[in-house]
Each structure stands twice: as structure tokens, then as C-alpha cells.
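Take a look at the letters that make up each chain.
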Amino acid sequence: MKTTYQLIVASIFTLLAVSNTIAQTKQNAKTMNTNQSNELAIINKLSTQSAVVNMPVSQLLNAPGNEGLREFFFTPVKNKTALKGKKIAVLVADGFEEIELTGPVWYFKELGAEVEIVAPKYNPAPERFGLSYPEMSKTHVMAIQYIQPVGWIKFDKTADQIKVNDYDAVFIPGGAWNPDNLRNDKDVIKFIQDFNKSGKLIAAICHAPVVLASADILKGKKLTGYWNIQVDLKNAGGNVIEAPVVTDGNLITSRHPIDVADFSRAVESWLIKK
């Protein structure tokens, strides 16, 4: 049995141990806080200030000089069966310019066409890239307005599931990121090449013609595109023309969201004649 003295000594050692533990914990916490503070400071230096740019469709349609674009969307379509029996594939990936997809798709459907939205097969970046994908990115593609993400649209099929014989036309919207995502997809490029050989219509607006450059189908073709990519189109062998819309054989191209009306009508005209 322990003596009172031994109990007192044991208690003192216990208190000292607890005291050392508390001191060590405080020191660790202080070090951790310091480390976290340093890491946060570095992260802040690596990050830019967040801001939301708002460019609603109404603002585009009401902008000075876009009266024709506004009239295109707000004038009721008279012939609801002009493209009945026609089937159009929209090739699109994350980063497409919103109005360049939704505008023509709305118009083609108003004319009675069947439209399917086709995206590359889901292929997330490697973990070391540090990217996080929402669950809906497996079934949807992201829309942008100029360079600002604004929403999502569901796709119907993936590029590895489609066949040339299933469609009368292929349409590619622009957007700064979308074409870069498309041009690196082997299924997309192979489909465009095969579609071109069939002589069926290929339509591309804004940045989208660079996908056709990657498919190597522009040599000797007259076309147009967004101003920043025109040198790429020339380097791919194309004859670039500064016009709202250019038609050369089975190829229709346009430059910018403000050309959506001319672009859509050109696609309509080509399909009706065929």
C-alpha cells in the first residue's frame, strides 16, 4: 500500500505530465496556426479576386446595332415544317457560348427539325490537376457568356455513340473553351472527317472553325470565324473572308454571337435546297 508521501509524489508527476502535455498541445496548435496562416497567405497570393460578370441574353438582344438579331428571335416563325424530317447533331463540350447553341437550336426546332446535343465522352482531368467536377458534368455541358460560366445543358449522346448516317447536318457552336475541348477528342474529329466525306452540311460559328482545322478539312475552303482565330484558319489552308456568314460547298461558318441570325438562316436555306 502506497504511503501518503508516495501518493503526493505521484500526483506531482501526474500534474507535471499533464502540464507538459498542455504546453506541447498549445505549442503544436500555435505552430499549426502559423503554418495554416502561412499557407493561407500563399493561397491568397496565388488566387485572383472573384467577380461575377452578367451578360443576360436580353442585354445582347437590346444592344445598339443588334436590332436584326432581336427581330430574328421575336418574329414568329411562319413555316413550322420547313425542316421537318431533318436531323441535326450539335457537337459541343464545356465552355460553349450560350446564345450560339441555344439560339440556332431554338430556331431549327421551331422549323420542325430534330436536334440532338452530342458531347465528348466524360473524361475528367487527372487528380494531380486539382480539379473538382460536379456530378452533373457526367450528363451536362457548361455554357459560358464570353468567358463567364453561366449554366448547364443536358446532352443526348456522346460522340462515340453517333453515326454519320443518322444526321443531315452537324452544327458546332463557339465559345473560347468549347472548341479546344472538342478538337482534342478523337471521336469528334473522326466524326467530322467522315461527315465531310459524306458531303453533308457542317456548320460552325465563332471559335468553332478551329475544330474543323484540327480535322484538316479546310484546305482551299472559303470561310470565316472569330477574329482571334482567323490566322489559324489561314494556316490550316482556308481562305478567310470577313463576312457575317460564308457558305462554301457543304461548309457554313460565321464569326460571332451577333451573326447567329444570318448563320441560322444559312443553315436553314442549305438544308431546304438539299
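Before reading on, note that the structure itself is shown above.
Residues numbered from 1 in each chain as written. Predicted model: local features only at pLDDT ≥ 70, side-chain atom pairs only at ≥ 80, totals over all residues. Heavy atoms only, no water.

### Topic: the sheet that holds strand β5 (residues 148-154)
Phase 1 of the analysis: Within the open sheet, the 3 strands sit side by side as β2-β4-β5. Their pairing is mixed. Edge positions in the sheet fall to β2 (96-97) and β5, since each has one partner strand and no second.
Phase 2 of the analysis: Bridge analysis of β2 against strand β4 (residues 140-145) gives 2 bridges, and the strand direction is parallel. Among the inter-strand pairings, Glu97 is bridged to a residue of β4, identified as Ile144. (Pairing = 2+ DSSP bridges. Helix = DSSP H or I, 4+ residues; strand = E, 2+ residues; numbered from the N terminus.)

### Some points on the packing of helix α4 (residues 98-110) against helix α9 (residues 260-273)
Think of two packed helices as two axes; the pair is described by the angle between the axes and how far apart they sit.
Phase 1 of the analysis: Across the interface, α4 lies against α9 with an axial gap of 10 Å and an inter-helix angle of 40°. Between α4 and α9, the interaxial angle falls into the category oblique. Handedness of the α4/α9 crossing: right-handed. Listed contacts from α9 to Ile99, Glu100, Gly103, Pro104, Tyr107 and Phe108 of α4 are Val260, Phe263, Ser264, Arg265, Val267 and Glu268.
Phase 2 of the analysis: In terms of residue class, the contact of α4 with α9 is built from 7 nonpolar, 2 polar and 3 charged. (Axes fitted to C-alpha atoms, helices over the stretch in contact; angles between N-to-C directions. Parallel < 35°, antiparallel > 145°, perpendicular 65-115°, else oblique. Left-handed = near helix turned anticlockwise from the far one by under 90°. Contact = heavy atoms within 4.5 Å. Nonpolar A, V, L, I, M, F, W, Y, C, P; charged D, E, K, R; others polar.)

### Regarding α4
Phase 1 of the analysis: Spanning 13 residues, α4 covers 18 Å between terminal C-alpha atoms, matching the ideal 18 Å at 1.5 Å per step.
Phase 2 of the analysis: One or two steps after α4, the chain reaches Gly112, where phi turns positive at roughly 95°. (Expected span 1.5 Å × (residues − 1).)

### Let's talk about the sheet that holds strand β8 (residues 201-205)
Phase 1 of the analysis: Overall, mixed pairing links the 7 strands, which are arranged β6-β3-β1-β7-β8-β12-β11 in an open sheet. Since the sheet does not close on itself, it has two edges, and those belong to β6 (157-158) and β11 (245-248), each with one partner.
Phase 2 of the analysis: Summarising the sheet, β8 and strand β12 (residues 251-254) pair through 4 bridges and their orientation is parallel. When the sheet's bridge partners are listed, Ala203 is paired in β12 with Ile252.

### Re the pairing of β4
Phase 1 of the analysis: With respect to burial, β4 is a largely interior element, 6 of its 6 residues being buried.
Phase 2 of the analysis: Of the pairings in the sheet, the one linking β4 to β5 comprises 6 bridges and is antiparallel in character. The partner of Gln145 across the bridge, within β5, is Gln148.
Phase 3 of the analysis: Between the antiparallel neighbours β4 and β5 lie 2 residues, among them Tyr146 with a positive phi of about 65°. (Buried < 20%, exposed > 50% of the residue type's maximum accessible area, 1.4 Å probe, protein only.)

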